[in-house]
Amino acid sequence: MTTPAPTNSSSAADAAAKAARRAAPMFADQPTLDRYLACLFDTDRAHAPVEVRCVATGDVPLLMRPGTTDARVLDDTFIGLYHLPPAPLPDDAIILDLGANVGYTAVHFATLYPRARIVSVELDEGSADLARRNTAPFADRITVLHAAAWFEDSTVTYTSGDEWGLQVREQWAGTPEQARPAHATGARVISVPALSVDTIMLRERLPHIDFAKVDIEGAEHAVIRADAPWLAHTRSIQVEVHHPATVDGILAQLAAAGMRVRKDTRHWSCAVGVRGA
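Residues numbered from 1 in each chain as written. Predicted model: local features only at pLDDT ≥ 70, side-chain atom pairs only at ≥ 80, totals over all residues. Heavy atoms only, no water.

What follows covers the overall build of the protein. Looking only at helices and strands, one finds nine helices and 12 strands in the protein. Relative to its length of 277 residues, the protein is compact, with a C-alpha radius of gyration of 19 Å against a globular reference of 19 Å. Seen through its principal axes, the protein has C-alpha atoms that stretch 55 × 45 × 35 Å. Sorting the 277 residues of the protein into buried and exposed places 51% on the buried side. Put simply, 65% of the contacts in the protein that link residues at least 6 apart link residues at least 24 apart. Of the roughly 12,700 Å² of accessible surface on the protein, 54% is carried by carbon and sulfur atoms. (Helix = DSSP H or I, 4+ residues; strand = E, 2+ residues; numbered from the N terminus. Rg over C-alpha atoms; globule rule 2.2 N^0.38 Å. Buried < 20%, exposed > 50% of the residue type's maximum accessible area, 1.4 Å probe, protein only. Contact = heavy atoms within 4.5 Å. Areas by Shrake-Rupley, 256 points an atom, 1.4 Å probe, with all protein chains shown as cover.)

What follows concerns the packing of aromatic side chains. Taken as a whole, this structure holds three aromatic pairs when the rule is applied. Taking 5.9 Å as the distance between ring centres and 80° as the angle between the ring planes, the aromatic pair formed by F109 and F211 counts as edge-to-face. Separated by 102 residues along the polypeptide, F109 in helix α4 (residues 104-112) and F211 in strand β9 (residues 211-214) bring together distant segments of the chain. Taking the centre distance of 5.1 Å and the plane angle of 50° together, the rings of W150 and F151 count as tilted. By relative accessible area, which is 35% here, F151 ends up partly exposed. (Phe/Tyr/Trp six-rings, centres within 6.5 Å; stacked < 30°, edge-to-face > 60°.)

This part takes up the side chain of E217. The topology assignment puts E217 in the loop between β9 and α7 (220-223). No salt bridge is formed by the buried E217. Its closest oppositely charged neighbour is K213, at 8.8 Å. At 3.4 Å, the side chain of E217 and the side chain of H242 are in polar contact. (Lys, Arg positive; Asp, Glu negative; His and termini not counted. Salt bridge = Lys/Arg side-chain N within 4 Å of Asp/Glu carboxyl O. Polar contact = N/O pair within 3.5 Å; in protein donor to acceptor, adjacent residues only side chain to side chain.)

In structure tokens:
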């Protein structure tokens, strides 16, 4: 893989230096940091995935696809730490990862909680496939489902584009956005199975959820409902909120479901709910 040559502008060099400083704590050595930076600035999707190992997950190999948002997701996961639960979890916690992307958060959960059972749900087939590869060392504890998290079992669609921002098109039903054109040149409208969280719990035989991490790009406004049966069996939850949902709206639903709620201090657009004392 070749890294695109920087331009003559000082801004490009400054951006590379800033990225290196920010990412350095993720890795134990310079060669790994260099591989990460090469992937971050490589725009050619035809290049093979790049393998890195992060300090937080020890010797577990993690793959990133050049020309995608994978490198930025790795940064959000291991530098931002936005996915961490708001309350302590037992080693054998049951964790639901809605919007799993390529599996970095699931691997981190499996490392932090050595007997945890993790169910990861991802609507994009390419990302779900890579999530299975990344979570393979924990295949006995991590299940990756290729599906959209939704309020009912059905089929939904999404428009191809940046892997970390794919949205269920049906969430825009009844709004002007429903008819908006594909947002990128050559983008495709893709169909994918959709599952309710209650169905996921039933299929995976989950008696309860100790922690739900929800990052589903706006579909949370349909999934997070105070009267949803699964929410009554969820002990803690963190929701990254995207339009058309609002943080206050999600907090209201969680509060109506009997949770203590607050805005997440780590992320300006996250809502947190915890059940019990």
